[in-house]
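Here is how the chains run, residue by residue.
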Amino acid sequence: MTEIADPRDRLIVALDLPSVQAAEALIDRIGDAATFYKIGYQLGYAGGLALAERLAGRGLKVFLDLKLHDIGNTVEEGVRSASGSGATFLTVHAYPQTMRAAVRGRGAGLKILAVTVLTSYDDADAAEAGYGLPVAELVAKRAAQAAEIGIDGLVCSAAEAGSVRRIVGPDRLIVTPGIRPAGAEAGDQKRVMTPGDARRAGIDHVVVGRPITGAADPRAVAQAIVSEMA
Ligand SMILES: O=C(O)c1cc(=O)[nH]c(=O)n1[C@@H]1O[C@H](COP(=O)(O)O)[C@@H](O)[C@H]1O
């Protein structure tokens, strides 16, 4: 688990919103309660990649959640292009070929996170997708491969954080979505945990979307999550 000087950096707010204007309005409302923002498909395909550069230029940290998975050459060159965006994190799916290519394309300052098994999957979903392993074993297998390949961090559910930490050691990052403050709706997430329990399980960063983007007071929810983890 890495030392983090500013406790706000542990929270990554997922900007899962339809437009740059909506994202900028949310960032304004949150103000200095958050320092780290994630841009994924929904916003990325609606002008969010340019926003990523602007946020990084303002000193905010940016997680580009592109979840790359393609032939090695395409992943390597895609990661190389993203290396100029000012982002701190970029996701790829945790397939060995893909992870090796991402490490080859990684530029200075960009950390590659490998998504082990999506937090919306349980064992039945993994079986339906053709995997012969329960989720916990598939996460462990992919975490070990990621560490061997030299990936900077893993995305998994907080429920697997303890076993992933034992596999990857203290220096690799563990980033966990599927985070729900007590009483919040799980939605399509199947492997969920509260921010406090996730922190106690040894995670470095949590990713939180709808509990903040859908809140009447997103700033207050962000502050409560940061305090719960401190
Ligand atoms: O890579 C991710 O960020 C990710 C991986 C994963 O396994 N599960 C997962 O939910 N995410 C992302 O984390 C965010 C979670 O959003 P909420 O469920 O609204 O809190 C979304 O932007 C997802 O795309």
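Residues numbered from 1 in each chain as written. Predicted model: local features only at pLDDT ≥ 70, side-chain atom pairs only at ≥ 80, totals over all residues. Heavy atoms only, no water.

1. Details of the overall build of the chain
Each helix and strand counted, the chain has ten helices and eight strands in total. Computed over its C-alpha atoms, the radius of gyration of the chain comes to 17 Å, within 12% of the 17 Å expected for a compact globule of 230 residues. For the chain, contacts bridging at least 24 residues in sequence account for 64% of all contacts bridging at least 6. When the accessible surface of the chain is split by element, carbon and sulfur atoms take 52% of a total near 10000 Å². With 25 positive and 27 negative side-chain charges, the chain shows a spacing of 3 Å between the two charge centroids. (Helix = DSSP H or I, 4+ residues; strand = E, 2+ residues; numbered from the N terminus. Rg over C-alpha atoms; globule rule 2.2 N^0.38 Å. Contact = heavy atoms within 4.5 Å. Areas by Shrake-Rupley, 256 points an atom, 1.4 Å probe, with all protein chains shown as cover. Lys, Arg positive; Asp, Glu negative; His and termini not counted. Charge placed at Lys NZ, Arg CZ, Asp CG, Glu CD.)

2. Remarks on helix α1 (residues 20-30)
Within the span of α1, buried status applies to Val20, Ala23, Leu26, Ile27 and Ile30. Along α1, the residues classed as buried sweep out an arc of 125° about the axis, all on the same side. Counted as exposed and oriented over 90 degrees from the buried face of α1: Gln21 and Asp28. At its buried positions, α1 is contacted by β1 (11-14), β2 (36-39), α2 (41-57), α9 (210-213) and α10 (218-229). (Buried < 20%, exposed > 50% of the residue type's maximum accessible area, 1.4 Å probe, protein only. Arc of directions from axis to C-beta.)

3. Here's the deal with the UniProt feature "domain: Orotidine 5'-phosphate decarboxylase" (unreviewed entry) in the chain
UniProt tags residues 10-225 as "domain: Orotidine 5'-phosphate decarboxylase" (unreviewed entry). Helix makes up 44% of residues 10-225 and strand 17%, and the two end C-alpha atoms of the span are 9 Å apart. (UniProt positions renumbered as here; feature names shortened; annotations may be inferred.)

4. What to know about the nonpolar core
Ranked by size, the top nonpolar core spans 60 residues in total, and within it Leu11, Leu15, Ile30, Tyr37, Ile39, Leu55 and Val206 carry the most contacts. A per-element tally of this core places helix α6 (residues 135-149) first, with seven residues. (Core = buried A, V, L, I, M, F, W, Y, C linked by side-chain atoms within 4.5 Å.)

5. Here we look at the sheet that holds strand β3 (residues 61-68)
The strand order β1-β2-β3-β4-β5-β6-β7-β8 describes a closed barrel built from eight strands, whose pairing is parallel. Here the average twist between neighbouring strands, direction ignored, is 25°. As paired strands, β3 and strand β4 (residues 89-93) are joined by three bridges and run parallel to one another. Within the sheet, the bridge partner assigned to phenylalanine 63 lies in β4 and is phenylalanine 89. Packed on one face of the sheet, α2 meets β2 and β3 and runs near 145° to β3. (Pairing = 2+ DSSP bridges. Axes fitted to C-alpha atoms, helices over the stretch in contact; angles between N-to-C directions.)

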